Structures are given as structure tokens and as C-alpha cells.
Amino acid sequence: MTVTEIGTARRRKEDHRLITGRTRFTDNMTLPRMLHLALVRSPFAHATITAVNTDEAKASPGVVAVITGADVADIQGSLPNVWPITEDQKAPPHPAIAVDRVAFAGEVVACIVARSAAAARDAVELVDVDYDELPVVLDIEAAASDEVLAHPDLGTNKSATWIFDSAEAGTGGNVEEAISGADIVIERTYHQQRLIPAFMEPRSMVVDPTGEQITMWSSTQVPHILRLLLSMTLTIPESKVRVVAPDVGGGFGGKLQVTPEELITMMAARQTGLPCKYTETRSESLMAAHHGRAQVQKLRLSATQDGTVTALDVRLLADMGAYLGLVSSGIPILGAFMYNAIYKFPAYRFECTNVFTNKAWTDAYRGAGRPEATFAIERLMDDLAAELGMDPLELRRKNWIGHDEFPFSTVAGLEYDSGNYEAATDKALELFGYDELRAEQKRRRDAGERVQLGIGVSTFTEMCGLAPSRVLGALSYVAGGWEHAAIRVLPTGNIEVVTGTSPHGQGHETAWSQIVADRLGVPFENVEVLHGDTQVSQKGMDTYGSRSLVVGGMAVVAAADKVIEKAKTVAAHLMEANRDDVEFSAGQFGVKGTDKGMALGDIAFATFHSHDLPDGFEPSLDSDATFDPDNFSFPHGTHLAAMEVDTETGETTVMKYVCVDDIGNVINPMIVEGQVHGGLVQGIAQALFEEAVHDDAGTLVTGSFVDYLVPSAADLPSFTTDRTETPSTTNALGVKGVGEAGTIASTPAIVNGVIDALRHLGVTDMVMPCSPFRVWSTIQGASGATPEATQPKSPEQVGLDSSGSLPTGDVQ
């Protein structure tokens, strides 16, 4: 019997407990004598703390302790940044509790420890903090001028500048020479608005200091990394720290962090000697958890008259916010390798300057640097096509890497192992009805209809499997990118898989079970996957960057293969055969040319009782493996969006969305569909809905879901999704990764569609999100068809406040 779990659309093992309410979210936990925390946060974006009076709060009923920055100044250390992108990178100390100065609105200035959550919250209002306000810098380009400093002690807002030049790297030509000799040069400035991860479950943590180890349960993506950095930051022996990530309700990069709240909860538990819990409110999550994106992108693209691209020059200003988070500084650098995308640029230069502002710090958000890169290049390719009067897909075909050119060394220094952009695009065009929609677009334009139709194109690739340790080391990342797995073969033949990846919605329990069921020939139901507890899974690099399957899944495969090799030795002994004659298939060991056979379960029990094992054989089939790939993986796809735009109201509607992704071989099509759909929604949300907005004082004004617009199913159409399969050659499973694909590709597809609907009216760009009023205002500004009018307008330029809404008292 042939086992074919891989490729089967299995329902997720995880879902039953989730949909029946038997979840193990951190906030569900209650421990004996547990205390509760509430945090006092600064209302000012930049201020000196002149006094903190806690007397009234300490006297409040139920309050056990009040902790200030001064109380823990000598023990709290500084929150870690593990990616210093240059040797001279500048970074201010990042205390969990501010001691003498705050640098963004929402920074913690004191912690209440009380016997109930309500008592802790009540006492927050009783802490009296005196502040002397300081000037704030909020705008990215203003920060680069250093006129106002986010951290005066640093003497500059510039943290670091990182440069890649293909001429210097030997991967391509000189950008300036190519641009100076080009027929056409396109120059554009794009704004990546600040976004908030907005995960379903707010961050929560419980710390129990009462055992031999200090145990932290946290809603985190990175329990292993968190354990190490808690130990290093608070100088606690690592062996005395245990971290558990129970059920985690989403992360999207927002829980790839070591947070002030985790350190504060740990310090409070150690100080009181009792278990402590902290769970943030939604407004705290939106205000003080790290944000994403926030870049100004200045680009130049040159080409010949026939549309062949000749050079790409990228200059970024990236907003770090007030501090450097865990990998903040490296996020824009991940995009550096993707601006060239699927195109054969002969010359490329990338320069990024990271700057500090008085806002919450930024860090990883789904895609992490790669969505920003894809947005910029796909917008540029559309603009170049318009300049040349070419169909945007014809231009892309002219410049992309052909399927017969793989493996392909890119101008950014990577080697793409496999791909077939033609096949994905052809299938997408067929599903989309491209020619028919172009005809409908022309009909509406000719008729001068109120609702115009635009077609958005995005052909993308991304680097996944964030892992090769040597590459990460070359980029100055502190850690490696390997992943660990262990397989325990129980006496009954059932299997336990221990994985170093830490899922928060990805379906690892199901997918890993399918991989092991196929590899070892055991029933899917007989495989149990254990994860997220550093006491159980002692080694791991956790989950982010679409690395789990490509790296963690391969570690599982390697461990399973070791089990087979061990079991083969026992099988040969018990069947009195030469080991080289023993074969394994579908869970059965056999001897070539005979009808002898033994099931893996029989070998497992024989190994357990150890009555008759080969001399010197260790009585165990359990196996560990650590996998570190030699290269990234490179999924790709073609996304097409039909956008309707009401030219009188600015309302935009996604009329049709088709995407065909190539993610290599597929383990579970149902999980893939879920990942793609979720990714699409988040990418579309950036294009049309979401933006973190601050007022002139640095206060977040989109501090609830009333103002921070997260789309629901009712806001979007049904998506048409499909796949082509070009297996990766960098791993034995042939997989590429899917967790971020939809987010990366969909934003430019949507914006390109909006611009395409309005280009004949003189609109060539607009600042995201493309809200109705912003679209309407851009149309009005472009009505004169002057070059200035067609450039994107800031909210203030079109009479909006900074949130994109009408100022109070105005009538829309």
C-alpha cells in the first residue's frame, strides 16, 4: 500500500480544540496566589520624567507593589537588538520601564502589581508622574535632517546606513553609468505607511517563579529565542528559565519580539515571589506593540526605448520608531535582495538609512521588507509600461527570467534555484479573463462612465526559509538560521514529533504529521506533534520568515530518515538478513528476494524490550536532526486585480481577484489555501484600509478598531486561487513556503489596479491607503493634468487631517 499523506487536504488537527473553546491561550491561565499587572504609560511622545509619586497607588486596596524605572534601573538591562546591520550602528538604551525620559507615547513608566486585574487597573490612575515635554520628531524625512532629535544623547536620528552596489559586489554593472546612457528614466517616491500587526489575541504573559525554574507562558512566536534573551538581559542562568508558548492567537511578526512587558512581568514575579500575569488591552496593543512598514522609497529605473530595463537605484529612509526592537534594523535589508524581483536588471544599487522618530518602534510585519520591495518594483514596472505605451504584462514578460534560465544568479547576489513565471502568468490570465476585462475597461472609458475599471498586475518572487546561517552571519545577524527536530518512536509504534518551530496558526501539527506519516508509513492519527515548550523542545529557532516548512519540515524529514536507518539495523538482525538487503516502504521492512517482513511497530516494541538486539546497538530508535539549508527558497506568482473606482465618490471595489502562486510541492492544499487567503487580506488591507496615524504631538489617533480599519469578509470578494508547481531544488521536500506570499503580492496589484482605472484622468500615484476620500481628492487634484497635480498628495494637502479623515467640523 502506498501512503500518500503529502498533498492531501487534511483538516487541521489543531482546529477542534480551537473552535470548541478548549484553547490554551495564555490569558486563560490561573495559578494559585497569582498577582495581576497593569502598566502606567506615558501620554507624551517625548518628555523628561521629573518625578514619579506612587504613594497613593501603593495605598490602594489590593495593591501589592508599584515598580518604577528607578526601582529596577540596575537590573532591567536593555531590550535586545540582534541585528546590528553596520559596525557603527547607533542605538539608545531601551529599558523595559523608562527611568528618566520617555521617547514615544505609550512607553511604560511604572508597573502596578495587585491581587486582581481590576485593582491593578484602578491604581494606574493613582500614579502621579511629572513630565517636562520635549520636542518631537515624527516625520521620516524630517528625522533624517536631524533638526529635532528623538534621542538628544545620540546626537543624530540616523541609526545606520547600509549599502549594496552591484558594481562593487561584482554581481552587475554601475548604476550611474547605466542610467546616464538610458533612453528612459523613471523616478518615483513611494510611501509605505505605518501598519499595526493587529493579531487576534492581545499579548499576554504569566510568570511562575515558585519552582526550581522560572517558567514564563507567553503569547510569543519565539519561545526559544525569548528564553535565551530573557536569560541574557536579566542575567538569569538559562537553565533556570523555561518558556512556554501555548496556543497563540496570531502573530504576523508582531510577536517576533522580546517585549518590555515580558521583562516587567518576569521582574515583578521575581520581586514578589509569586506568579504574575499581564494581559494588554487592545488599545495598549495598538499603541505600544511594535508596528511595521513605515518607509519612504525613492527609486530610479532606467530602460531602453523597447522596454528592456537597464538599471535600478533604490534609496530608502526607514522609520525605526523610538528604539531598535529585536530585528528592527535588518527588516529593510531583507528587502534589499528583492527589489530586482523576477527581472534581469544588469545594474543595481540599494541604500537604506534607518532613522529614529518619537513613535512606537517598528519591526517585523508579515513579509518583513519584501512586501515593501515588491510594491516598489511592481509600481515602477506599471509606470514604465504606461510611459512606453506597452501592456504591463508584455513589459514584464520582456524582462523576467525565463524558465529555462534557472538556476539564475541575480544582480542582488542571490541564486534563484527554480521557477516558471510564464506558466503561473498564463494560468492567471486564463482564470482572470484578461482580454475581456481590458475590452470592458475600454468600453467604460470611451463611454465616460462614472465607475471606471482598472486592472492591477503583480508578478513577484520572494526569498523564504529565512535560514542559511552563513548568509545571516554575513549580514551581521547574531543568531543562526538552522532548525531542530526530534522523533520519538514509542513502544506501540506511535510517533511523537518534537519540533523547534512554534506555530501560531500555520498548522504545523497537521503538516508535520502528514510528513512523518508518509516518511515512516504510520497512520496520520498515530503521530503527535509537540512544540512551543523549551522544556520539551529544547532546541529551536522558532517561526517567522516562511521558514517553518522549508527549514523545520526538513529537520523533521532528516530525523525520520535517521529512525529508518536505526530500525533497519534491528530489522536485519531479527530477520537474519544482511543489512544491505533490507528495504523499507510504507512502514514495512522487508528482505530483497524473500517474503520476510516486519512492521515499524514490531521493530519499535522489539527495541523497547531489548531482548534480542545486535551487539552494541543502543536500545532506542529515537532520532534528532538539525537542518541548515544552503540557500533560501523562492516562491513566486502572478496576481491580477480588477478594480472598480467611482470617480465621483472615490469608492473602490475589488471586482475580481485572481492569483496563481508557485510554492513548490504542497503538503496540505487546505492549509495553503488558508495561508494565501489570509495573506491576500492583509496585503489588500495595506492598499485600501489600514494606517497607523499620529497627531502632531505623537499620540496615536488610530488607537482602536473604530479608527484603525481592519477589513472583514464583507469588505472583500471571493478570491480565485490556483497553483503551479515548480519544486525547489534546495530541499528534499521540494517546498518553498507560502505564509507571506499573499501579503507580498496583493498590495501592488490593488494599487496598480486603482491607478490603472484613473490614469487617463491624469492620476499616476497616490499615497496608501487608497481610502474613498483620498482617491476622490487625488482625482480632483489631477483634473488639471499638470505634473504636480498627478503626484501623490499627503492627507494635509487635500484638506484631510493626518488620519485621512475630514477635519472636525468639515462636511464631506
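Keep in mind the model is a prediction, meaning the values are calculated, not measured.

Rules behind the numbers
Residues numbered from 1 in each chain as written. Predicted model: local features only at pLDDT ≥ 70, side-chain atom pairs only at ≥ 80, totals over all residues. Heavy atoms only, no water. Buried < 20%, exposed > 50% of the residue type's maximum accessible area, 1.4 Å probe, protein only. Helix = DSSP H or I, 4+ residues; strand = E, 2+ residues; numbered from the N terminus. Pairing = 2+ DSSP bridges. Right-handed = clockwise from strand over helix to strand, strands pointing away. Axes fitted to C-alpha atoms, helices over the stretch in contact; angles between N-to-C directions. Left-handed = near helix turned anticlockwise from the far one by under 90°. Contact = heavy atoms within 4.5 Å. Nonpolar A, V, L, I, M, F, W, Y, C, P; charged D, E, K, R; others polar. Phe/Tyr/Trp six-rings, centres within 6.5 Å; stacked < 30°, edge-to-face > 60°. Lys NZ or Arg CZ within 6 Å of the ring centre and 35° of its normal. Core = buried A, V, L, I, M, F, W, Y, C linked by side-chain atoms within 4.5 Å. Expected span 1.5 Å × (residues − 1). Arc of directions from axis to C-beta.

Thoughts on the pairing of strand β14 (residues 309-321)
Then, in step 1: Within β14, 12 of the 13 residues are buried, leaving the element largely enclosed by the surrounding structure.
Then, in step 2: Pairing analysis gives nine bridges linking strand β13 (residues 292-303) to β14, with the strands arranged antiparallel. Bridged to Gln 297 within β14 is Leu 316.
Then, in step 3: What sits between β13 and β14 in their antiparallel hairpin is a turn of five residues, with Gly 307 showing a positive phi close to 100 degrees.
Then, in step 4: Both β14 and strand β15 (residues 348-356) contribute to a ladder of nine bridges, which runs parallel. Across the sheet, residue Arg 315 finds its bridge partner in β15, namely Glu 351.
Then, in step 5: Following the backbone out of β14, through helix α11 (residues 331-336) and into the adjacent parallel β15, one traces a crossover that is right-handed.

Topic: the packing of helix α17 (residues 508-520) against helix α18 (residues 548-574)
Then, in step 1: Look at α17 against α18: their axes get within 10 Å of each other, and the N-to-C directions meet at 35 degrees. α17 and α18 meet at a crossing whose hand is right-handed. Two secondary-structure elements touch here, α17 through His 508, Trp 512, Ile 515, Val 516, Arg 519 and Leu 520 and α18 through Ser 548, Leu 549, Gly 552, Gly 553, Val 556, Val 557, Ala 560, Asp 561, Val 563 and Ile 564.
Then, in step 2: Split into classes, the residues belonging to the contact of α17 with α18 amount to 10 nonpolar, four polar and two charged.

Quick notes on the sheet that holds strand β18 (residues 451-461)
Then, in step 1: Strand order across the open sheet formed by four strands is β18-β26-β27-β28, with mixed pairing between neighbours. Unpaired on one side and paired on the other, β18 and β28 (720-724) mark the two borders of the sheet. Across the sheet, the mean angle from the axis of one strand to that of its neighbour is 15 degrees, orientation sign disregarded.
Then, in step 2: Bridge count between strand β27 (residues 652-662) and β28: five bridges; the pairing is parallel. Residue pairing across strands places Val 660 opposite Asp 722, the latter belonging to β28.
Then, in step 3: Helix α21 (residues 741-758) rests against β18, β26 (636-646) and β27 of the sheet, and its axis sits at about 145 degrees to β18.

Some details on the packing of aromatic side chains
Then, in step 1: In the structure shown here, the tally under the stated rule is 16 aromatic pairs.
Then, in step 2: When the ring of Tyr 657 is compared with that of Phe 719, the centres are 5.9 Å apart and the planes differ by 75 degrees; the resulting orientation is edge-to-face. Here Phe 719 lies in the loop between α20 (669-688) and β28 and Tyr 657 lies in strand β27, a separation of 62 residues in the sequence.
Then, in step 3: Taking relative accessible area as the criterion, Tyr 657 reaches 0% and is therefore assigned buried.
Then, in step 4: Members of the aromatic cluster, each reached through a chain of ring pairs, are Trp 162, Phe 337, Tyr 339 and Phe 350.
Then, in step 5: The residue whose ring lies beneath Lys 13 is Phe 524, and the NZ or CZ to ring-centre distance is 4.6 Å.
Then, in step 6: Geometry around Phe 199 places Lys 255 over its ring, the cationic atom sitting 4.6 Å from the centre.

With respect to the sheet that holds strand β11 (residues 241-244)
Then, in step 1: Strands sit in the order β3-β5-β1-β12-β9-β10-β11 across an open sheet of seven strands; the sheet is mixed. The open sheet has two edge strands, β3 (63-68) and β11, and neither has a second partner. Ignoring which end each strand starts from, the neighbouring axes of this sheet average 20 degrees apart.
Then, in step 2: Pairing of β3 with strand β5 (residues 108-114), which is carried by five bridges, proceeds in the antiparallel orientation. In the sheet register, Val 63 faces β5, and the bridge partner there is Ala 114.

Digging into the pairing of strand β12 (residues 276-279)
Then, in step 1: With two bridges joining them, strand β1 (residues 35-41) and β12 adopt parallel strand pairing. The residue bridging Leu 35 from the neighbouring strand is Cys 276, located in β12.
Then, in step 2: Here strand β9 (residues 204-208) runs beside β12; their pairing, made up of four bridges, is antiparallel. From the neighbouring strand, Met 205 faces β12, where its bridge partner is Tyr 278.

Some remarks on the nonpolar core
Then, in step 1: In this structure, Leu 301, Tyr 339, Tyr 348, Phe 350 and Tyr 657 are the most contacted members of the largest nonpolar core, which totals 142 residues.
Then, in step 2: Per-element accounting of this core gives the leading share, nine residues, to helix α12 (residues 370-388).
Then, in step 3: Apart from residues lying up to four places away in sequence, Tyr 657 is in contact with His 639, Leu 640, Ala 641, Leu 680, Ile 684, Phe 719, Thr 720, Ala 745, Ser 746, Ala 749 and Ile 750.
Then, in step 4: Ranked by size, the runner-up nonpolar core spans 45 residues in total, among them Ile 564, Ala 571, Met 598 and Leu 600.

Examining the environment of Thr 569
Then, in step 1: Mapped onto the elements, Thr 569 comes out in helix α18.
Then, in step 2: Separated by 202 residues in sequence, Thr 569 and Gly 367 place their C-alpha atoms 45 Å apart.
Then, in step 3: If sequence neighbours within four positions are ignored, Thr 569 has contacts with Arg 579, Pro 614 and Phe 617.

A short note on helix α8 (residues 223-234)
Then, in step 1: Its 12 residues give α8 an end-to-end C-alpha distance of 16 Å, which sits within 8% of 16 Å, the value for a rise of 1.5 Å per residue.
Then, in step 2: Inspection of α8 places Pro 223, His 224, Ile 225, Leu 226, Arg 227, Leu 229, Leu 230, Ser 231, Thr 233 and Leu 234 among the buried residues, and these make up the whole buried set.
Then, in step 3: Immediately beyond the C-terminal end of α8, within one or two residues, lies Thr 235, with a positive phi of roughly 50 degrees.

A closer look at the side chain of Thr 778
Then, in step 1: Position of Thr 778 among the secondary structure elements: in helix α22 (residues 772-782).
Then, in step 2: Among residues more than four places away in sequence, those in contact with Thr 778 are Val 763, Asp 765 and Met 766.

Let's talk about unusual backbone geometry
Then, in step 1: Look at the link from Phe 406 to Pro 407: it is a cis peptide, with omega at -5 degrees.
Then, in step 2: The residue after Met 768, namely Pro 769, is reached through a cis peptide bond having omega -5 degrees.
Then, in step 3: By secondary structure assignment, the location of Pro 769 is in the loop between α21 and α22.
Then, in step 4: The phi angle at Ser 476 is positive, at roughly 70 degrees, despite the residue not being glycine.

What to know about helix α4 (residues 117-124)
Then, in step 1: All buried positions along α4 are accounted for by Ala 119, Ala 120, Ala 123 and Val 124. Along the long axis of α4, the arc covered by the buried residues comes to 145 degrees, so they all point the same way.
Then, in step 2: Those residues of α4 that are buried lie in contact with β1, α2 (55-58), β3 and β5.

With respect to the environment of Ala 386
Then, in step 1: Structurally, the position occupied by Ala 386 is in helix α12.
Then, in step 2: Residue Ala 386 is classed as partly exposed on the basis of its relative accessible area of 37%.
Then, in step 3: Distance in space between the C-alpha atoms of Ala 386 and Leu 301 is 14 Å, their sequence separation being 85 residues.

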